[in-house]
Amino acid sequence: MVSVDAQPPPKPSKFRRTNTNDIMARDYPAIKWVVPGYISEGFLVLAGRQKLGKTWLAIDMALAVATGGVAVGSIDCEQGNVLYIDMENGPRRIQSRIKALYPDHRNLPDLAKLEWVTEAPQLGAGLIEELEGWRTSVPNPRFVIIDVLQRIKPAGSMARNAYENDYSAWAPLQEWATRQGIAVLGLHHTKKGGADDPLEALSGSNGLSACADTTLVLDSGQNGKTLYVRGRDVEEKETALLFAGGAWSIIGEAAEVRRSDERAQIIAALQDHGEPMTPAEIVAATGKPRVSIQRLLGKMAKAGEVHKVGKGRYWVEPLPPGNSGHTGNSKTFDPDIATEFDDEGVTGADDTGNSDTLAGKPGGGIFSRNLGPRPVRQIGETSHRHKCAHCMKRGETVELKHGFAETHVHQHCIDAWIVDYDERNKSDEG
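As a starting point, this report considers the structure included with it. (Residues numbered from 1 in each chain as written. Predicted model: local features only at pLDDT ≥ 70, side-chain atom pairs only at ≥ 80, totals over all residues. Heavy atoms only, no water.)

Our next topic: the pattern of salt bridges. This model, assessed by the stated rule, comprises 10 salt bridges. The shortest N-O distance in the salt bridge between Asp 104 and Arg 106 comes to 3.0 Å. Of the residues examined, Asp 104 reaches a relative accessible area of 24% and is grouped as partly exposed. The residue Arg 263 makes a salt bridge to Glu 305 at a minimum N-O spacing of 2.9 Å. Taken together, the residues Arg 263 in helix H7 (residues 254-273) and Glu 305 in the loop between helix H9 (290-303) and strand S14 (307-309) connect sequence positions 42 residues apart. It is possible to trace a salt-bridge network through shared partners that takes in Asp 197, Arg 230 and Glu 236. (Salt bridge = Lys/Arg side-chain N within 4 Å of Asp/Glu carboxyl O. Buried < 20%, exposed > 50% of the residue type's maximum accessible area, 1.4 Å probe, protein only. Helix = DSSP H or I, 4+ residues; strand = E, 2+ residues; numbered from the N terminus.)

This is the structure:
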């Protein structure tokens with residue numbers, strides 16, 4: 001539909017030149033974050049396929065800001081007033097969703113700072129004026145959510161192409177959000193089939209993503225659910241998310257989580273095979289690139305998740321099956337020698353994996369002499385990015401150093417993992 005009341009574009013104003021020295025001498029306020037690392041002041045778009053949970057994610061963020069709570073399971077938010085313009089769900093569904101997030105009504109916080117609107121005018125027909133009225137009526141306006149953008153989009157003009165129509169449609173909203181220092185998040189759909197570039201996946205022309213200060217793309221695939229973020233003031237990132245019971249939570253950086261999944265596949269391949277495997281055999285079993293497998297094997301050896309045994313072979317235990325005290329050409333483990341690794345793998349092992357002198361000479365083989373006493377039950381920082389080395393499940397883990405291993409385990413799995421580790425290495429240290 002083409003608007004018959006389309007206004008002609010405003011005449012360009014005269015240049016207002018500013019000297020670079022004046023710009024550099026001025027103190028500009030810091031970026032105002034609403035959900036640190038993801039949602040900042042300005043116009044933002046959250047896009048994703050239908051029924052993927054965009055509204056649940058937006059409600060999660062809205063509740064976190066309105067209560068000064070935690071968004072997506074781990075991000076502290078400063079409290080402020082929130083306006084949620086929801087034109088696809090009525091009050092009954094809104095209530096049911098909040099009840100799902102707070103099943104025990106006794107734990108329901110004060111939600112007075114979160115207000116809802118279920119009907120709103122389009123841009124160019126009073127929306128900006130309504131937003132301005134809300135802004136001036138509340139003490140700390142921080143966050144506006146529009147679900148969905150298509151409901152407030154004005155009609156285009158036949159004199160413009162799709163890109164020009166989209167950009168000009170959203171520009172007033174972007175200008176208002178930037179001028180007032182408020183985050184305006186609009187929900188939108190992605191195209192069927194996706195795209196190579198996440199921003200190309202947004203439904204419609206590129207005018208929307210070009211106008212938006214930040215674009216977030218929610219996706220779900222073989223690697224699970226992810227949230228991709230790219231914007232003018234936000235660092236580009238892709239985060240792995242977990243969606244359960246209506247609640248979203250951050251697992252960690254998507255690339256790290258994928259690597260964790262690949263580690264689990266390597267361990268499963270070794271266990272299914274029943275005996276030590278070469279990197280080439282692991283590549284064939286998992287279907288993963290050889291470079292990735294080789295790099296991961298080195299890191300897994302450093303973490304004590306796998307062990308290099310024999311010539312270029314890896315196993316889940318320090319010794320191969322049926323071997324009580326030696327590994328082929330390798331000598332028995334020396335308890336007075338500590339393990340030394342580098343980022344790419346095991347120090348001293350050549351490209352063929354030959355580790356004939358585990359304890360025989362400094363700098364040779366897998367182990368190196370005189371690197372200090374073995375750490376015993378040293379607990380480090382917590383993490384949400386690693387699977388537990390004991391139960392192989394995700395969740396909050398802690399960094400654990402024990403014996404010659406450095407790994408991550410759940411707090412409640414520490415004792416069991418240590419018992420298992422000590423039992424595995426008892427024959428070596430006897």
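Now for the pairing of strand S6 (residues 81-86). Counting buried positions over the six residues of S6 gives six, a clear majority of the element. Relative to strand S8 (residues 141-147), S6 is paired through six bridges, and the arrangement is parallel. Bridge assignment links Leu 83 to a residue of S8, and that residue is Val 144. Two strands pair when backbone bridges link them, and S6 and strand S7 (residues 114-117) are joined in this way by four bridges, in the parallel orientation. In the strand pairing of S7, Leu 83 is matched with Glu 115. With helix H3 (residues 91-101) bridging S6 and its parallel neighbour S7, the resulting β-α-β unit is right-handed. (Pairing = 2+ DSSP bridges. Right-handed = clockwise from strand over helix to strand, strands pointing away.)

Here we come to the nonpolar core. The biggest cluster of nonpolar side chains holds 41 residues, and the ones touching the most others in it are Val 35, Tyr 38, Ile 39, Phe 143, Leu 185, Leu 216 and Leu 227. When residues in this core are grouped by element, the largest group, 10 residues, is from helix H2 (residues 54-67). Among all residues touching Leu 185, those that are not within four sequence positions of it are Ile 39, Leu 44, Val 45, Leu 46, Phe 143, Val 144, Ile 145, Ile 146 and Leu 216. Phe 43, Leu 123, Leu 131 and Ile 182 belong to the second largest nonpolar core, which has 30 residues in total. (Core = buried A, V, L, I, M, F, W, Y, C linked by side-chain atoms within 4.5 Å. Contact = heavy atoms within 4.5 Å.)

Once that is clear, we can look at the packing of aromatic side chains. All chains considered together, the criterion is met by four aromatic pairs. Taking the centre distance of 6.2 Å and the plane angle of 25° together, the rings of Tyr 163 and Tyr 167 count as stacked. With a gap of four residues between them, Tyr 163 and Tyr 167 both fall in helix H5 (residues 162-180), about one helical turn apart. Residue class for Tyr 163 comes out partly exposed when judged on its relative accessible area of 39%. (Phe/Tyr/Trp six-rings, centres within 6.5 Å; stacked < 30°, edge-to-face > 60°.)

The residue Asn 165 is located in helix H5 in this model. Here Asn 165 falls in the buried class, since its relative accessible area comes to 15%. A distance of 2.9 Å separates the side chain of Asn 165 from the backbone nitrogen of Ser 157, its partner in a polar contact. (Polar contact = N/O pair within 3.5 Å; in protein donor to acceptor, adjacent residues only side chain to side chain.)

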